[in-house]
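Fold and geometry: a report
In case you want the letters, here they are:
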Amino acid sequence: MADHVAVHRSGLTMPVVTPRFIDNAWRRGCDFINMDLEDSVPQHMKGYARTLIKDAIANVTKGGAEAFTRINHDLVLADLEGIIWPGLAKVNYPKAEYAEEIELLDRIISRLERERGIRPGTVEIGANIETSVGVANAYDIAAASPRVREFGGAGGYDMSRDLGVEMFVGFDQFVYGKGEVELAASALGLEPHTAPFTANTTGSVGDPDRAFREAEAARKCGFRVGGGLHPNVVEPQTRGFTPTHEEVDEAQQVLEQYRQLEVSGETWSDTDGKIIDRYEAARARKLLEWSELCAARDQEKAEAAARVEAAGA
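Structure report, in brief. (Residues numbered from 1 in each chain as written. Predicted model: local features only at pLDDT ≥ 70, side-chain atom pairs only at ≥ 80, totals over all residues. Heavy atoms only, no water.)

**Re the sheet that holds strand β4 (residues 88–93)**
Here 7 strands make up an open sheet; going across it, the order is β1-β2-β3-β4-β5-β6-β7 and the pairing parallel. Across the chains shown, the open sheet's two edge strands, defined by having one partner strand only, are β1 (11–15) and β7 (191–193). Adjacent strand axes in the sheet meet at a mean angle of 25° when their direction is disregarded. Relative to strand β6 (residues 150–153), strand β5 (residues 124–129) runs parallel, the two being bridged by 2 bridges. Bridge pairing in β6 links Ile129 to Gly153. Packing of helix α4 (residues 99–115) onto the sheet brings it into contact with β4 and β5, and relative to β5 it is tilted by some 160°. (Pairing = 2+ DSSP bridges. Helix = DSSP H or I, 4+ residues; strand = E, 2+ residues; numbered from the N terminus. Axes fitted to C-alpha atoms, helices over the stretch in contact; angles between N-to-C directions. Contact = heavy atoms within 4.5 Å.)

Okay, structure coming up:
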């Protein structure tokens, strides 16, 4: 989806070595599937795992999801040789700490795209920030390649270990790092991949109510990228990152009122205690554009899933 705004509201990270996960991935309704070669794959299976990606791409994308793969920080060349095939949308690189790492990824991916008949620039790079060094170098990392189009992180297990803090607490122990990567993304015109704090003191990765609250709060803060580890969170995330009918109606009313302002020559008005001006009009326009993109993405996935079902029938 490099040619237009990507819609990545929901996704699942799953070990590529577990057939039942990969075989059923297309049924989950995700915007993307992140096939994992890293933490969920034992060391002795790393080589085998990377040989599975080429066939798995076709499997996980049957229902309209995009195919991502998370590689190993220390096995870059071998992993990229095994995964860069037509249909792969993104390489997720864990524990990014220096711009030079992203530049190396870019060079290798560019070579493999040429060799394997993939349009140049197709494969994105997810530069995942998971250490304090990565946070300190966030801007340079995000600016290192045009393949980096979404940028974020600075939370999660690896970050908690790096900082020596508890993972599941009732306060936002990652607030500073998340703010740094968000600002870097915004300064470079990238899609920030982060979320406001939503307490999780149990460690549950499959709580649908929490997934919805976090996604909805993230969208209202201007963020639009989700993802998780459990199928229970897919639908709530998709719903939470999608504007409601009421919000769409309100945005349309704001634009209509602003059009009337323009005709009258006024710059702002107060309607039922709500200010209508060019800033509110811009916000309304952005919400409507995102709503249309979400609807198009949902239609695309529904049609893909229907084709698979019809072929199976």
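So much for the structure itself; the text now carries on.
**A word on the nonpolar core**
Counting residues in each nonpolar core, the largest one holds 53 residues, and the members touching the most others are Met35, Leu80, Ile84, Ile102 and Phe151. Sort the elements by how many residues they give to this core and α4 lands first, with 6 residues. Setting aside its immediate chain neighbours within four residues, Met35 contacts Met14, Val16, Ile22, Ile53, Ala56, Ile57, Val60, Ala67, Phe68, Thr69 and Arg70. Judged by nonpolar contacts, the second largest core, of 10 residues, contains Val248, Leu255, Leu261 and Ala281. (Core = buried A, V, L, I, M, F, W, Y, C linked by side-chain atoms within 4.5 Å. Buried < 20%, exposed > 50% of the residue type's maximum accessible area, 1.4 Å probe, protein only.)

**Focus on unusual backbone geometry**
Not every positive phi belongs to a glycine, and Ala154 is a case in point at roughly 65°. Within the fold, Ala154 resides in the loop between β6 and α7 (156–163). In this structure Ala154 comes out as buried when scored by relative accessible area, which is 1%. Unusually for a residue other than glycine, Asp272 sits at a positive phi of about 55°. Mapped onto the elements of the fold, Asp272 is located in the loop between β8 (269–271) and β9 (274–276). With a relative accessible area of 80%, Asp272 lands in the exposed category.

**Structural notes on the packing of helix α2 (residues 46–60) against helix α3 (residues 76–83)**
Where α2 contacts α3, the two axes come as close as 7 Å, and the packing angle between them is 30°. The angle between the axes of α2 and α3 places the two elements in the roughly parallel class. As α2 packs across α3, the resulting crossing turns out to be right-handed. Only Ala78, Asp79, Gly82 and Ile83 of α3 make contact with α2, whose side of the interface consists of Arg50, Ile53 and Ile57. For the contact of α2 with α3, the residue count by class is 4 nonpolar, 1 polar and 2 charged. (Parallel < 35°, antiparallel > 145°, perpendicular 65-115°, else oblique. Left-handed = near helix turned anticlockwise from the far one by under 90°. Nonpolar A, V, L, I, M, F, W, Y, C, P; charged D, E, K, R; others polar.)

**Re the packing of aromatic side chains**
Evaluation of the coordinates by the stated rule reveals 2 aromatic pairs. Ring centres 4.7 Å apart and planes at 15° place the aromatic pair Phe32 and Phe68 in the stacked group. In this pair, Phe32 is assigned in strand β2 (residues 32–36) and Phe68 in strand β3 (residues 66–70), connecting sequence segments 36 residues apart. Take Phe32 and Phe68: they sit in the same class, and that class is buried. For the pair Tyr157 and Phe168, a centre-to-centre distance of 5.9 Å together with 80° between the ring planes defines the contact as edge-to-face. On the criterion of sequence distance, the pair formed by Tyr157 in helix α7 and Phe168 in the loop between α7 and α8 (175–187) is long-range, its members being 11 residues apart. Of note, Lys54 hangs over the ring of Trp85, and the distance from its end group to the ring centre comes to 4.1 Å. (Phe/Tyr/Trp six-rings, centres within 6.5 Å; stacked < 30°, edge-to-face > 60°. Lys NZ or Arg CZ within 6 Å of the ring centre and 35° of its normal.)

Distances and angles like these do not, on their own, reveal function.
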